[in-house]
Amino acid sequence: MRTILFYFPGNEKLAQSLAEQTNFPLGKLEIRKFPDGETLVKILSDVQGQRVVIVCSLDRPDDKFLPLYFICKTLKELGASHVTLVAPYLAYMRQDKRFHEGEAVTSDAFAILLSGFIDRLITVDPHLHRHHSLSEIYSVPTTVLPAAEVIAEWIKVNIQKPLLIGPDEESGQWVKEVAKLANVPFEILLKNRKGDNEVEVSVPHVDQYHDCTPVLIDDIISTAHTMMETVKHLLIFDMQAPVCIGVHGVFAGNAFSNLKNTGVKEIISCNTIEHASNKIDLSGLISQSIE
Ligand code: R5P
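Residues numbered from 1 in each chain as written. Predicted model: local features only at pLDDT ≥ 70, side-chain atom pairs only at ≥ 80, totals over all residues. Heavy atoms only, no water.

**Overview of the site of the ligand**
The full set close to the ligand counts 15 residues, and R94, E170, D218, T223 and T226 are the nearest of them. Here R193 contributes a side-chain N or O atom positioned 3.0 Å from an oxygen atom of the ligand. With respect to the ligand, the side chain of T223 contributes an N or O atom lying 2.5 Å from an oxygen atom. Ranked by residue count, the leading element in the shell around the ligand is strand β12 (residues 213-221), at 4 residues. Here the shell around the ligand is composed, by residue class, of 3 nonpolar, 5 polar and 7 charged. (Near = heavy atom within 4 Å. Polar contact = N/O pair within 3.5 Å; in protein donor to acceptor, adjacent residues only side chain to side chain. Helix = DSSP H or I, 4+ residues; strand = E, 2+ residues; numbered from the N terminus. Nonpolar A, V, L, I, M, F, W, Y, C, P; charged D, E, K, R; others polar.)

This is how it looks when you write it as structure tokens:
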């Protein structure tokens, strides 16, 4: 059975690399908005009897979700035998509990909706915190790809004497694994989030690491406040300018330039969301999982 690879606008580079590595042909589709704001999608390649892989990273998910549903539903109507969604960044994973009375638990609601129109989901390091596995909320088979090995390799090649720093407890799972693989020291801080744009991060203990390059690692950089608070502490302690690594560089609003302006040496992200900071390439990892 043949496999054909489609991609949602904004995922061109990753889709191109996946096509080259898997030899799957790239399918064509069109998405256009009617003047009234409704969306029309059109599948331009033959998918009859074929397995389809669609690459659509789910940052800024609200604008993508309905067109993605239309695409997947139409692919099935046109005869696709199986639809795998490659969403290197999986949205709506952070609201995994009702933090305040009356709030929606969107991680669960989103999972129910997405599971309703795809046959398989492949993603990279989803924000699993209170849920321990995607199968707790997704009813379709899921594959979680860990970026740690590729990040560790990048650090080994690019950073001299790194000291890894996880800005909060949740980042510990990634930081500890990368530190083990790269065989370097690490420290995990504590964070208190007071609001979307207000966080407190505990003071790092870096006395014996003045000759090291601090490397901040987190799964998501959204507003970048978590990173910026951590950077502030490090600069007070007269540490070298840090390198910030996000598995998923969401960079809401001016987050990228705001973080840059704190005096960091470099901001690096994996190519789960297309961005100028993508220096860590996960296409090899993803292509193995779809082959
Ligand atoms: C939260 O739990 C995540 O691991 C990140 O720390 C968080 O998403 C970062 O958000 P922001 O960049 O808005 O501080």
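**Here's the deal with the nonpolar core**
Counting 38 residues, the largest nonpolar core has L58, L85 and L114 as the members making the most contacts within it. Taken together, the elements giving at least two residues each to this core come down to β1 (3-7), β3 (39-43), β4 (51-55), α2 (61-77), β5 (82-86) and α3 (106-115). The leading source of residues in this core is α2, at 5 residues. Sequence-distant contacts of L114, defined by excluding residues within four places in its chain, comprise L58, F65, L68, L85, L90 and Y138. Grouped together as the second largest cluster of nonpolar side chains are 36 residues, A19, V124, I268 and I286 included. (Core = buried A, V, L, I, M, F, W, Y, C linked by side-chain atoms within 4.5 Å. Buried < 20%, exposed > 50% of the residue type's maximum accessible area, 1.4 Å probe, protein only. Contact = heavy atoms within 4.5 Å.)

**Some details on the packing of helix α4 (residues 148-158) against helix α5 (residues 172-182)**
A pair of packed helices is captured by two measures, namely the crossing angle of their axes and the spacing between those axes. Contact geometry for α4 and α5: axes closest at 8 Å, N-to-C directions at 50 degrees. As the angle between them shows, α4 and α5 are arranged oblique. For α4 against α5, the interelement crossing comes out right-handed. Where α4 abuts α5, its residues A148, E149, I151, A152, I155 and K156 lie against E177, V178, L181 and A182. Tallied by class, residues from the contact of α4 with α5 come to 7 nonpolar, no polar and 3 charged. (Axes fitted to C-alpha atoms, helices over the stretch in contact; angles between N-to-C directions. Parallel < 35°, antiparallel > 145°, perpendicular 65-115°, else oblique. Left-handed = near helix turned anticlockwise from the far one by under 90°.)

**Concerning the side chain of T226**
Secondary-structure assignment places T226 in helix α6 (residues 225-236). When its relative accessible area of 7% is taken as the criterion, T226 is described as buried. Of note is the side chain of T226, whose polar atom sits 3.1 Å from the side chain of K191. Discounting residues that sit within four places of it in the chain, T226 has contacts with P167, D168, K191, R193, V199, V201 and D218.

**Observations concerning the sheet that holds strand β14 (residues 266-270)**
Read from one edge of the open sheet, 6 strands run β9-β8-β12-β13-β14-β15, paired in parallel fashion. Edge strands, defined here as strands with exactly one partner in the open sheet, are β9 (186-188) and β15 (278-280). Strand-to-strand twist in this sheet, taken as the mean axis angle between neighbours without regard to direction, amounts to 35 degrees. Along the sheet, α5 makes contact with β8 (162-166), β9 and β12, crossing β9 at roughly 170 degrees. (Pairing = 2+ DSSP bridges.)

**Looking at the state of the cysteines**
Think of a disulfide as a covalent bridge from one cysteine sulfur atom to another cysteine sulfur atom. Applying the stated criterion across every chain, the model contains 0 disulfides. Its sulfur unpaired, C72 is 8.4 Å from the next cysteine sulfur, which belongs to C56. Accessibility expressed as a relative area gives 0% for C72, which makes it buried. There is no disulfide at C212, and the cysteine sulfur nearest it, in C244, is 16 Å away. (Disulfide = S-S within 2.5 Å.)

**Focus on the packing of aromatic side chains**
As enumerated under the stated definition, the model contains 6 aromatic pairs in all. Ring plane angle 70 degrees and centroid distance 5.5 Å describe the contact between F65 and F117, whose orientation is recorded as edge-to-face. Linking F65 in helix α2 with F117 in the loop between α3 and β6 (120-124), this pair joins segments that are 52 residues apart in sequence. Across the pair, F117 and F65 agree in class, each one buried. Each ring, one from F251 and one from F256, has its centre 5.1 Å from the other, and the planes form 80 degrees; the classification is edge-to-face. You can call F251 buried: its relative accessible area is 5%. On the accessibility criterion, F256 (25% relative accessible area) is partly exposed. Members of the aromatic cluster, joined through ring pairs, are F65, Y69, F70, Y92, F110 and F117. (Phe/Tyr/Trp six-rings, centres within 6.5 Å; stacked < 30°, edge-to-face > 60°.)

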